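# Survey of secondary and tertiary structure
This is what each chain is made of:
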Amino acid sequence: APLGWGAVAVNAYRYWRAGYVVGEQNYGGEMVESNIKTVDPDISYAKVNASRNKAIRAEPVATLYEQGKVFHVGFFQELENELVGFDPETKQRSPNRLDALVWAIMYMHDNADGITGYYMNEVKKLPQAAQDELKERQALLDKIFKGKT
């Protein structure tokens, strides 16, 4: 139900203390914003507009992964399954988590000065075991993206 996923988005926004929710304007974008604002009218919301297909949109983000400027903290099994399983050459179901990730990273990269440096410094504060795990996960993502680009 639309208000159900709107509440999920707002709860995630609050839980992760996000700066904003990014929603795609095409194909029902007004509904996305309306549902999220119905749950919380004060939420920070940013609209994005898809003018290119997912594979083309994902290329600059894949480059950021390859450069070590993007990495994940924690386990995101469903997202990682989409990242590993996406093949733009097939007519498979649209990978929504991958698409959301691409939009979020592009938006943050284009609109937030120094966010990469901030998070790199935060990672340095983690225990060494956590840093090592992040490096292993990053190596896997590098392998995945280098194989797909």
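Right, let's walk through the structure included here.

### Remarks on the side chain of Glu 80
Structurally, the position occupied by Glu 80 is in helix α4 (residues 77–85). Its relative accessible area of 18% is what places Glu 80 among the buried residues. When neighbours within four sequence positions are excluded, Glu 80 is seen to be in contact with His 72 and Arg 137.

### Looking at the packing of aromatic side chains
Inspection of every chain in the model, using the stated rule, returns 1 aromatic pair. Their ring planes at 85° and their centres at 4.8 Å tell us that Tyr 15 and Trp 16 sit as a pair that is edge-to-face. Taken individually, Tyr 15 and Trp 16 each receive the classification exposed, so the pair is uniform in this respect.

### Looking at the pairing of strand β1 (residues 21–24)
Side-chain alternation along β1 places Val 21 and Gly 23 on a buried face and Val 22 and Glu 24 on a face that remains uncovered. Where β1 and strand β2 (residues 45–48) come together, 4 bridges link them in parallel fashion. Residue Val 21 lies in a different strand from β2, and its bridge partner there is Tyr 45.

### Points about the pattern of salt bridges
Applying the stated criterion across every chain, the model contains 5 salt bridges. The residue Glu 78 makes a salt bridge to Arg 97 at a minimum N-O spacing of 3.2 Å. Of this pair, Glu 78 sits in helix α4 while Arg 97 is found in helix α5 (residues 96–111), placing the two residues 19 residues apart along the sequence. The class for Arg 97 is partly exposed, based on a relative accessible area of 39%. Salt bridges linked by common partners bring Glu 30, Glu 33 and Lys 47 together as one network.

### Section: the side chain of Asn 35
Within the element layout of this structure, Asn 35 appears in helix α2 (residues 29–39). Looking at Asn 35, the relative accessible area reads 9%, which means it is buried. Ignoring any residue separated from it by four or fewer positions in sequence, one finds Asn 35 in contact with Pro 2, Leu 3, Trp 5 and Gly 6.

Rules used throughout
- Residues numbered from 1 in each chain as written.
- Predicted model: local features only at pLDDT ≥ 70, side-chain atom pairs only at ≥ 80, totals over all residues.
- Heavy atoms only, no water.
- Helix = DSSP H or I, 4+ residues; strand = E, 2+ residues; numbered from the N terminus.
- Buried < 20%, exposed > 50% of the residue type's maximum accessible area, 1.4 Å probe, protein only.
- Contact = heavy atoms within 4.5 Å.
- Phe/Tyr/Trp six-rings, centres within 6.5 Å; stacked < 30°, edge-to-face > 60°.
- Pairing = 2+ DSSP bridges.
- Salt bridge = Lys/Arg side-chain N within 4 Å of Asp/Glu carboxyl O.

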